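Chain residues, written in single-letter form:
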Amino acid sequence: MAKNHCLAKSINDASWYQFRIWFEYFGKVFGKVTVAVNPQYTSQECSSCGAIVKKTLSTRTQVCQCGCLMDRDFNAARNILSRGLATVGHTGSFALDASNALGDESSTFAGEILHQQVMS
Ligand SMILES: [Zn+2]
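A quick note: this is a predicted structure, and the numbers were derived from the prediction, not measured.

## Looking at the nonpolar core
It is characteristic of soluble globular proteins that their nonpolar side chains tend to be buried jointly.
Line of reasoning, step 1. C46, V53, C64, C68 and M70 together form the largest nonpolar core, which totals 5 residues.
Line of reasoning, step 2. Each residue touching C64, except ones within four places of it in the same chain, is listed here: C46, C49, A51 and V53.

What follows is the structure, given as structure tokens:
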């Protein structure tokens, strides 16, 4: 049905909408912040300087005049993260998640007693 020219856009729109509903649902279930961002130019915009670097789909590397050189998907991911964090308005949620992923919750701070660490 997606190959039907008349229905393809509606089917794709419905699929992305369903994906977003599921994504937001699991975000709530697992206590994670989900943010929808505008995907326009995320793969062409330089994540370092913001310049638009035109490229075809077969070009897999982001090469910008500012010296930025990285995989195009990694560049797009940085832009998406930046837009998401700008929408949230702060970086507290991301910083909290990053510290949890690195196991910083169980690290010992200077002057902290070990049994207090376990209790917190
Ligand atoms: Zn650049």
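Text resumes after the structure shown.
## So, the coordination of the zinc ion
By definition of the ideal shapes, a tetrahedral metal site with four donors has angles of 109.5 degrees and an octahedral site with six donors has angles of 90 or 180 degrees.
Line of reasoning, step 1. Every protein donor of the zinc ion is listed here as C46 (SG), C49 (SG), C64 (SG) and C66 (SG), and their distances to the metal cover 2.3 Å.
Line of reasoning, step 2. Here the zinc ion binds 4 donor atoms, and the angle range of 105 to 113 degrees at the metal identifies the geometry as tetrahedral.
Line of reasoning, step 3. Within one chain, the residues serving as donors to the zinc ion are arranged as C-x2-C-x14-C-x1-C. Here the residue C46 occupies a position in the loop between helix 1 (5–29) and strand 1 (61–63), and C64 occupies one in the loop between strand 1 and strand 2 (69–71), the gap between them amounting to 18 residues.
Line of reasoning, step 4. You can call C64 buried: its relative accessible area is 8%.

## Points about a nonpolar patch on the surface
Line of reasoning, step 1. Side chains of W22, Y25, F26, V29 and F30 sit close together on the surface and give an oily, nonpolar patch of about 560 Å² of accessible area.
Line of reasoning, step 2. Here V29 shows up in helix 1.

## Some words on the packing of aromatic side chains
Line of reasoning, step 1. In this structure the tally under the stated criterion is 6 aromatic pairs.
Line of reasoning, step 2. Ring geometry for W16 versus F19: centroids 5.8 Å apart, planes at 90 degrees, classification edge-to-face. Of this pair, W16 and F19 are both found in helix 1, 3 residues apart, which corresponds to roughly one turn of the helix.
Line of reasoning, step 3. Each residue in the set W22, Y25, F26 and F30 is aromatic and connected to the rest through ring pairs, giving one cluster.

## Considering the side chain of S47
Line of reasoning, step 1. By secondary structure assignment, the location of S47 is in the loop between helix 1 and strand 1.
Line of reasoning, step 2. Residue classification places S47 among the buried positions, given a relative accessible area of 19%.
Line of reasoning, step 3. A polar side-chain atom of S47 sits 2.8 Å from a polar atom in the side chain of N75.
Line of reasoning, step 4. What S47 contacts, discounting residues up to four positions off in sequence, is M70, N75, R78 and N79.

## Topic: the environment of T34
Line of reasoning, step 1. Here T34 is to be found in the loop between helix 1 and strand 1.
Line of reasoning, step 2. Considered as a pair, T34 and F23 are 11 residues apart in the sequence and their alpha carbons are 7.5 Å apart.
Line of reasoning, step 3. In this structure T34 touches F23, E24 and G27, once residues within four positions along its chain are discounted.

## A word on unusual backbone geometry
Line of reasoning, step 1. Non-glycine residue Y41 carries a positive phi angle of around 65 degrees.
Line of reasoning, step 2. Take Y41: it is sitting in the loop between helix 1 and strand 1.
Line of reasoning, step 3. Judged by relative accessible area, Y41 falls into the partly exposed class, the value being 42%.

## Remarks on the side chain of Q44
Line of reasoning, step 1. Position of Q44 relative to the elements: it lies in the loop between helix 1 and strand 1.
Line of reasoning, step 2. Those residues in contact with Q44, other than ones at most four positions away along the chain, are A51, I52, V53, K54, K55 and Q62.

Procedures and definitions
Residues numbered from 1 in each chain as written. Predicted model: local features only at pLDDT ≥ 70, side-chain atom pairs only at ≥ 80, totals over all residues. Heavy atoms only, no water. Core = buried A, V, L, I, M, F, W, Y, C linked by side-chain atoms within 4.5 Å. Buried < 20%, exposed > 50% of the residue type's maximum accessible area, 1.4 Å probe, protein only. Contact = heavy atoms within 4.5 Å. Donors = N, O, S within 2.8 Å, 3.2 Å for Na, K, Ca; no water. Tetrahedral: all angles 85-135°; square planar, octahedral: opposite > 155°, others 65-115°. Helix = DSSP H or I, 4+ residues; strand = E, 2+ residues; numbered from the N terminus. Patch = residues over 30% accessible without salt bridge, like charges linked within 9 Å, V, L, I, M, F, W, Y side chains within 5 Å. Areas by Shrake-Rupley, 256 points an atom, 1.4 Å probe, with all protein chains shown as cover. Salt bridge = Lys/Arg side-chain N within 4 Å of Asp/Glu carboxyl O. Phe/Tyr/Trp six-rings, centres within 6.5 Å; stacked < 30°, edge-to-face > 60°. Polar contact = N/O pair within 3.5 Å; in protein donor to acceptor, adjacent residues only side chain to side chain.

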